[in-house]
Every structure is written in C-alpha cells, then in structure tokens.
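Chain by chain, the residues:
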Amino acid sequence: MKLSKEHIERLREMLARAGQRIVIVSHTNPDGDAVGSSLAWAEILRTMGHEVTCVVPNKFPYFLDWMPGIDEVVVFKTDTEGRAKRAIAGADLIFCLDFNAVSRLEILSDTIEANTTARRVLIDHHLSPDEGFDLSFSHPDSSSTCFLVYSIVEAMFGTDAITRSMAETLYVGMMTDTGNFAFSFLTPELFRAVAVLVEKGISIPDIHNNVYNAYTEGRARLFGYAINRKMEVIQDGTVAYMSLMENEMRRFQFQQGDSEGFVNYALTIKKVKMSAMFLAHRKFIRVSLRSRGGVDVNLFARKYFGGGGHRNAAGGKSFVSMQETIDHYIRSVKEFAAEGHLG
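Please read all numbers here as calculations on a predicted model, not as lab measurements.

## Overview of the overall build of the protein chain
Here is step 1 of the chain: For the protein chain, the helix and strand inventory stands at 13 helices and 12 strands.
Here is step 2 of the chain: Across its three principal directions, the C-alpha atoms of the protein chain cover 60 × 45 × 40 Å.
Here is step 3 of the chain: Taking the contacts inside the protein chain whose residues are at least 6 apart along the sequence as the reference set, 67% of them involve residues at least 24 apart.
Here is step 4 of the chain: Surface accessibility of the protein chain: about 15,400 Å² in total, with carbon and sulfur atoms responsible for 49%.

What follows is the structure, given as structure tokens:
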C-alpha cells in the first residue's frame with residue numbers, strides 16, 4: 001500500500017486550522033476495525049485542537065466495550081438527546097471510516113446527506129468507493145482501515161504521535177480484519193506497524209482475550225446450535241451456508257455481535273471454498289459471505305445480493321423470506337460455479 005503524498009498534503013491543509021468541528025462516522029453494525037480506526041483517528045485530531053465526535057449508526061458488539069475512549073462514541077439509534085444530529089449538522093469536516101458509500105450508514109445516511117457544507121474525507125479499504133468525497137484515501141490493498149489510519153498518522157506526524165491507547169485501538173482493527181493475522185494483505189509493512197504498536201506498550205494476549213474470549217454463554221450455545229442444526233453443505237461439499245431466524249436468536253439471548261465469526265467456521269472444512277450466513281432482521285435478511293483462495297465473494301455479492309466488499313469477505317441484503325433467500329443462494333451458487341468462479 002502506498003499513500004499519495006499529494007493526498008497527505010491536502011489532508012494536512014484541511015486540518016491546518018485548529019478548533020474545527022469534526023465528525024467521524026463508520027458503518028452499520030460497527031466492528032473492531034470501524035470502531036478502532038474511529039477512536040484512534042479521533043484521538044490524533046483532538047491533539048491538533050479539533051472538537052471531535054464519533055458516531056456509529058447502531059450499537060457496537062459488547063466485546064469491544066473495554067476499548068479506550070469507546071464511552072465517547074455516540075450510537076445514533078439510541079441517541080435520545082440528539083447529540084449526533086447536532087454534531088453532524090454543525091460539522092466542518094466529516095470523516096467516513098471503513099465504508100465506501102454513505103448508503104452503508106443506513107439509518108444515519110439522511111442525516112449525513114443533510115449537511116451539504118461540510119467537507120467529506122473517505123478513509124477506507126473496500127472496493128469500488130462512491131464519488132462525492134472531497135478527499136479519498138481508498139486503499140483496497142490495505143488489510144484494514146486501522147492499518148490505513150496508522151499509515152496516515154505515520155506519514156503526517158511520525159510514530160511518536162501514537163499513544164498507547166491509540167495503539168490498542170489500532171491493533172484491534174488490524175487483528176480482527178485479518179482473522180487474527182491469518183489472511184488479507186499480510187505485508188511486511190503491516191507487521192512492522194504491529195511492532196511499533198507493541199513498542200507503545202500494548203499487551204497482545206490481553207487484547208486477544210478481551211475480543212475473542214469475552215462472549216456470553218448464550219453466544220456459545222447459539223454457535224453450537226448454528227453449527228449442529230443450521231449448517232448445510234452443498235455443491236459437492238465446496239459451499240456451505242447457515243441461517244438464523246429472529247426467534248432462534250432470541251432463544252439464546254442474542255446480543256449485537258453474537259453471530260460474529262459464524263460465517264468463517266465452515267471454511268475450516270477442507271473442501272469448503274465459500275460460506276454464507278443469513279441473519280434475519282425485522283425488514284430484511286443480512287447476508288455475510290466468506291471465501292478462500294481465488295473465489296471472489298465480492299463479485300458474488302454484487303451480482304446476486306446487491307452488495308459487495310472484498311474478494312474473500314463481502315455481504316449484501318435480501319428482502320424476501322428466509323427460504324426464498326436460501327433458494328436464491330443455491331441457484332446462484334450453481335450459476336456461479338457453471339461460470340467457473342468456484343475453481
């Protein structure tokens with residue numbers, strides 16, 4: 001990944017005037033990368049003398065509650081005091097982190113679009129970003145938005161500007177978006193960045209434990225149920241899927257983030273090249289897709305579920321019933337395979 005010197009200088013000029021009102025937003029169902037990059041970027045902006053508000057559309061997973069600064073994040077869906085709307089309406093700058101289109105903000109989209117005067121800056125690693133940003137750091141070859149934020153901070157201020165709290169939040173995104181450093185652009189530059197974060201005093205075992213070993217009993221039982229009762233393998237054992245209805249999730253006291261990682265599990269089966277998770281919501285079904293090797297689920301998501309993402313991790317939505325969604329998936333997999341996309 002190589003940052004544009006011109007873009008760095010333009011960003012420096014945008015931030016030159018102290019005391020600006022800045023809002024940082026990240027995508028619906030914010031994950032470790034979205035939250036981690038937002039918190040780290042907010043901290044560096046505050047050291048420059050800016051007033052910064054971090055806003056997410058809905059609640060982040062409970063296993064991120066320990067992260068430094070997370071109490072300052074405003075959850076738009078439950079913001080009864082209107083803090084998010086006021087901050088966005090009065091913003092001079094809006095930073096869009098870890099998503100490639102304002103539509104990915106869903107319930108927050110209209111509020112962002114209502115501010116027509118704030119300059120918008122994109123910092124993201126997803127494919128096919130929308131136009132309409134005043135400045136874009138769009139790097140699909142970055143393993144995470146946290147690594148991208150780290151690289152921008154390094155280019156603008158040097159690594160001395162990174163505090164221990166920033167290092168902890170940045171490491172969360174780097175760790176989670178690479179599957180604990182198992183896939184996705186594992187470059188020498190990434191591991192050099194991790195070395196810097198360790199030098200700042202972070203404890204990798206503690207962070208790993210806080211994120212991966214902090215689930216509820218209900219989540220553990222839901223996982224067992226999903227694997228045992230709901231996982232299906234098709235296409236001669238090379239494709240898998242799971243589905244969960246709202247009533248099934250309620251049986252296990254489902255909380256936001258409890259299904260995190262379920263879609264990856266089928267890929268531990270030797271023959272499986274592609275996996276899907278269908279999660280029922282009130283008005284739609286959220287589709288999560290994962291793959292390995294050359295199987296492009298970004299292409300699959302765009303073609304069949306109106307979504308997108310990365311080559312090996314993507315998602316979309318379905319607005320029909322669960323059974324119709326599954327039937328559509330099975331038909332689509334057959335067509336995808338016939339076109340030679342499953343190898």
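From this point on, the discussion continues.
## As for the UniProt feature "domain: DDH" (unreviewed entry) in the protein chain
Here is step 1 of the chain: Annotation from UniProt places "domain: DDH" (unreviewed entry) at residues 21-174.
Here is step 2 of the chain: With 34% helix and 19% strand, the stretch residues 21-174 has end C-alpha atoms that lie 28 Å from each other.

## Description of the pairing of strand β10 (residues 285-291)
Here is step 1 of the chain: Of all seven residues in β10, five are buried; the element is thus mostly enclosed.
Here is step 2 of the chain: Sheet topology places strand β9 (residues 274-280) next to β10; seven bridges connect them, and they run antiparallel. Its bridge partner being in β10, Leu279 is matched across the sheet by Arg286.
Here is step 3 of the chain: Counting the residues in the hairpin turn of β9 and β10 gives four residues.
Here is step 4 of the chain: Two strands pair when backbone bridges link them, and β10 and strand β12 (residues 313-318) are joined in this way by six bridges, in the antiparallel orientation. By the bridge assignment for β12, Leu289 is matched with Ala314.

## What to know about the nonpolar core
Here is step 1 of the chain: If you look at the biggest cluster of nonpolar residues, it comprises 57 residues, and the most contacted ones within it are Trp41, Phe95, Ile123, Ile152 and Met174.
Here is step 2 of the chain: The greatest single-element share of this core, amounting to eight residues, is contributed by helix α5 (residues 145-157).
Here is step 3 of the chain: Setting aside residues no more than four positions away along its own chain, Trp41 makes contact with Leu11, Leu15, Ile24, Phe95, Leu97, Ile123, Val149, Ile152, Val153 and Met156.

## Quick look at the packing of helix α2 (residues 32-47) against helix α6 (residues 164-177)
Here is step 1 of the chain: Where α2 meets α6, the closest approach of the two axes is 8 Å, and the angle between their N-to-C directions is 155 degrees. Classified by the angle between their axes, α2 and α6 sit roughly antiparallel to one another. Considering only the axes of α2 and α6, their crossing is left-handed. Facing Gly32, Asp33, Gly36, Leu39, Ala40, Glu43 and Ile44 of α2, the residues of α6 in contact are Ser165, Met166, Thr169, Leu170, Val172, Gly173, Thr176 and Asp177.

## Brief notes about the layout of surface pockets
Here is step 1 of the chain: Of the volumes computed, that of the second largest pocket is approximately 270 Å³.
Here is step 2 of the chain: Elements with a minimum of two residues in the lining of the second largest pocket: α5 and α7 (188-199).
Here is step 3 of the chain: Looking at the lining of the second largest pocket, the element that brings in the most residues is α5, giving five residues.
Here is step 4 of the chain: Considering only residue class, the lining of the second largest pocket consists of seven nonpolar, four polar and five charged.

## Here's the deal with the sheet that holds strand β7 (residues 232-234)
Here is step 1 of the chain: The strand order across the open sheet built from six strands is β7-β8-β9-β10-β12-β11, with neighbouring strands paired in mixed fashion. Since the sheet does not close on itself, it has two edges, and those belong to β7 and β11 (308-309), each with one partner.

## What to know about the UniProt feature "domain: DHHA1" (unreviewed entry) in the protein chain
Here is step 1 of the chain: UniProt records the feature "domain: DHHA1" (unreviewed entry) for residues 242-335 in the present numbering.
Here is step 2 of the chain: Along residues 242-335 the backbone is 34% helical and 27% strand, and the end-to-end C-alpha distance reaches 20 Å.

## Considering helix α12 (residues 297-304)
Here is step 1 of the chain: For α12, the set of buried residues is Val297, Asn298, Phe300, Ala301 and Tyr304. One side of α12 carries all its buried residues, which in axial view fall inside an arc of 160 degrees.
Here is step 2 of the chain: Close packing links the buried residues of α12 with β9, β10, β11, β12 and α13 (322-338).
Here is step 3 of the chain: The backbone nitrogen of Asn298 has a side-chain oxygen 3.0 Å away, supplied by the residue at the start of α12, namely Asp296.

## Thoughts on the packing of aromatic side chains
Here is step 1 of the chain: A full pass over the atoms with the stated rule returns 19 aromatic pairs.
Here is step 2 of the chain: Ring geometry for Phe223 versus Phe262: centroids 5.1 Å apart, planes at 55 degrees, classification tilted. With Phe223 in helix α9 (residues 217-230) and Phe262 in helix α11 (residues 262-265), the pair connects residues that are 39 residues apart, well separated along the chain.
Here is step 3 of the chain: The class for Phe223 is partly exposed, based on a relative accessible area of 22%.
Here is step 4 of the chain: Positioned above the aromatic ring of Phe223 is the side chain of Arg219, whose terminal nitrogen or guanidinium carbon lies 5.7 Å from the ring centre.
Here is step 5 of the chain: Seen from the ring of Tyr225, Arg251 lies directly overhead, with NZ or CZ sitting 5.0 Å from the centre.

Parameters and conventions
- Residues numbered from 1 in each chain as written.
- Predicted model: local features only at pLDDT ≥ 70, side-chain atom pairs only at ≥ 80, totals over all residues.
- Heavy atoms only, no water.
- Helix = DSSP H or I, 4+ residues; strand = E, 2+ residues; numbered from the N terminus.
- Contact = heavy atoms within 4.5 Å.
- Areas by Shrake-Rupley, 256 points an atom, 1.4 Å probe, with all protein chains shown as cover.
- UniProt positions renumbered as here; feature names shortened; annotations may be inferred.
- Buried < 20%, exposed > 50% of the residue type's maximum accessible area, 1.4 Å probe, protein only.
- Pairing = 2+ DSSP bridges.
- Core = buried A, V, L, I, M, F, W, Y, C linked by side-chain atoms within 4.5 Å.
- Axes fitted to C-alpha atoms, helices over the stretch in contact; angles between N-to-C directions.
- Parallel < 35°, antiparallel > 145°, perpendicular 65-115°, else oblique.
- Left-handed = near helix turned anticlockwise from the far one by under 90°.
- 1 Å grid on protein atoms, 1.4 Å probe; cavity = no way out; pocket = protein on both sides within 12 Å on 5 of 7 lines; lining within 4 Å.
- Points joined across faces, edges and corners; volume = space filled by probe spheres on them.
- Nonpolar A, V, L, I, M, F, W, Y, C, P; charged D, E, K, R; others polar.
- Arc of directions from axis to C-beta.
- Polar contact = N/O pair within 3.5 Å; in protein donor to acceptor, adjacent residues only side chain to side chain.
- Phe/Tyr/Trp six-rings, centres within 6.5 Å; stacked < 30°, edge-to-face > 60°.
- Lys NZ or Arg CZ within 6 Å of the ring centre and 35° of its normal.

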